[in-house]
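Architecture and fold: a report
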Amino acid sequence: MTALHNTEPLLRAENLTMRFGGITAVKQVGFAVGPGEIVGLIGPNGAGKTTCFNMLTGFYTPTEGRVFFNGTDITSHKPHAIARLGLIRSFQKTNVMKRLTVFENVLTGHYMESRQSLLATFFPGEKVRRAECEARASAAAIVETMGLSRRMNAPAHLLSCGELRLLEVAVALAAKPTLLMLDEPAAGLNSHEAMQFGETLKTLVGKAVRSLLIVEHNMELVMGVCDRIVVLNFGQMLAEGEPRAILDNPKVAEAYLGKAAA
Ligand SMILES: Nc1ncnc2c1ncn2[C@@H]1O[C@H](COP(=O)(O)OP(=O)(O)OP(=O)(O)O)[C@@H](O)[C@H]1O
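The name an unreviewed UniProt entry assigns to the chain is ABC transporter ATP-binding protein, from the organism Azospirillum ramasamyi.

In structure tokens form, the structure reads like this:
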């Protein structure tokens, strides 16, 4: 029984379909993310990646299909309930508060994760004080994990684009994800910065998170960090496989570059 449980994927999407009125944004998409895996979800603009993210995390209820996380059917769960189970996502828009320091941003992420009452904030007892100490230690550890220790007390608005992308992941880590889903985490980075960023992401698996699911347009990053890649096109699964197989797949080249590339 236990052995069976261990081979279960962490996240499993089955036959996901999302219709908006007459538009079918995603049609019968199914894939899984196993423990210890980094999976990339890619596809040209409008392929349905963000819609998939929204269905996986409860922001949309799929028109058809089911989502399982850690063996639990989460299809009709609310986003906050899914987050509490350890399935945490980032958004394309930054989750960073520019006037706060790096440390304060990550600490704020911890407070959003905890369910401390307002009363407890103003009249802290021993339990709250202990939680506060633990949150500060955890925030400092996350800042270090993301390679931002030197910038610990820098206000976020002074960070470089690369540092900002790292901080965005750090804030997401404060919510204690089991599976972290990142939506275009390397947006705006040049090739060198993206590769460095990717190296940091790889170090997270097995330590800060169990698995990663990444939507990203930067192909160098995707090919460099992912164990497996799922390709969507016009809302449907086009291909799934290891990076090399995806690179060599003429259908994928055609979807991205047009018929001439095939
Ligand atoms: N709320 C909505 N109502 C109607 N159509 C939508 C809605 N959300 C998405 N769509 C449509 O569904 C399709 C998939 O969109 P989606 O944003 O999921 O693609 P994407 O792969 O994330 O694109 P991008 O890479 O540009 O972010 C598009 O044709 C889009 O116009």
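1. Digging into the nonpolar core
Counting residues in hydrophobic clusters, the biggest one holds 71 residues, and the most contacted among them are Leu41, Val106, Val143, Ala170, Leu179, Leu213 and Ile214. Domain assignment of the residues forming this core places at least three in each of domain 1 (1-86 + 177-262) and domain 2 (96-174). Contacts of Ile214, omitting those with residues within four sequence positions, involve Ile38, Gly40, Leu41, Leu182, Pro185, Val222 and Cys226.

2. Regarding the pairing of strand E10 (residues 236-241)
Where strand E9 (residues 228-233) and E10 come together, 5 bridges link them in antiparallel fashion. Note that in E10 the partner of Val231 across the bridge is Ala239. The antiparallel hairpin formed by E9 and E10 contains 2 residues in its connecting segment, where Phe234 sits at a positive phi of about 50 degrees.

3. Here's the deal with the site of the ligand
Taken together, Phe20, Ile23, Ala25, Gly43, Asn45, Gly46, Ala47, Gly48, Lys49, Thr50 and Thr51 make up the full set of residues adjacent to the ligand. At the level of secondary structure, the elements contributing two or more residues to the shell around the ligand comprise strand E2 (23-33) and helix H2 (49-56). When residues in the shell around the ligand are grouped by element, the largest group, 3 residues, is from H2. Taken together, the residues of the shell around the ligand break down into 4 nonpolar, 6 polar and 1 charged.

4. Things to note about the packing of helix H7 (residues 161-173) against helix H8 (residues 191-204)
Two numbers describe how H7 lies on H8: the axes approach to 10 Å, and their chain directions differ by 25 degrees. The orientation of H7 with respect to H8, classified from their angle, is roughly parallel. For the crossing formed where H7 meets H8, the hand is right-handed. From H7, Gly162, Arg165 and Leu166 reach across to H8, where they touch Glu193, Gln196, Phe197 and Thr200. Partitioned by chemical class, the residues of the contact of H7 with H8 number 2 nonpolar, 3 polar and 2 charged.

5. A closer look at the domain arrangement of the chain
Domain annotation of the chain identifies domain 1 (1-86 + 177-262) and domain 2 (96-174). Across the boundary between the two partners, domain 1 contributes 12 residues, which contact 11 residues of domain 2. If you list the elements that add at least two residues to the side of domain 1 that touches domain 2, you get strand E7 (179-183) and H8. Sort the elements by how many residues they give to the side of domain 1 that touches domain 2 and H8 lands first, with 4 residues. When the residues that make up the side of domain 1 that touches domain 2 are grouped by side-chain class, the tally is 8 nonpolar, 3 polar and 1 charged.

Each value, and the rule that gives it
Residues numbered from 1 in each chain as written. Predicted model: local features only at pLDDT ≥ 70, side-chain atom pairs only at ≥ 80, totals over all residues. Core = buried A, V, L, I, M, F, W, Y, C linked by C-beta atoms within 7 Å. Buried ≥ 20, exposed ≤ 12 C-beta atoms within 10 Å, placed from the backbone. Domains from an automatic or database assignment. Contact = placed C-beta atoms within 7 Å. Pairing = 2+ DSSP bridges. Helix = DSSP H or I, 4+ residues; strand = E, 2+ residues; numbered from the N terminus. Near = placed C-beta within 6 Å. Nonpolar A, V, L, I, M, F, W, Y, C, P; charged D, E, K, R; others polar. Axes fitted to C-alpha atoms, helices over the stretch in contact; angles between N-to-C directions. Parallel < 35°, antiparallel > 145°, perpendicular 65-115°, else oblique. Left-handed = near helix turned anticlockwise from the far one by under 90°.

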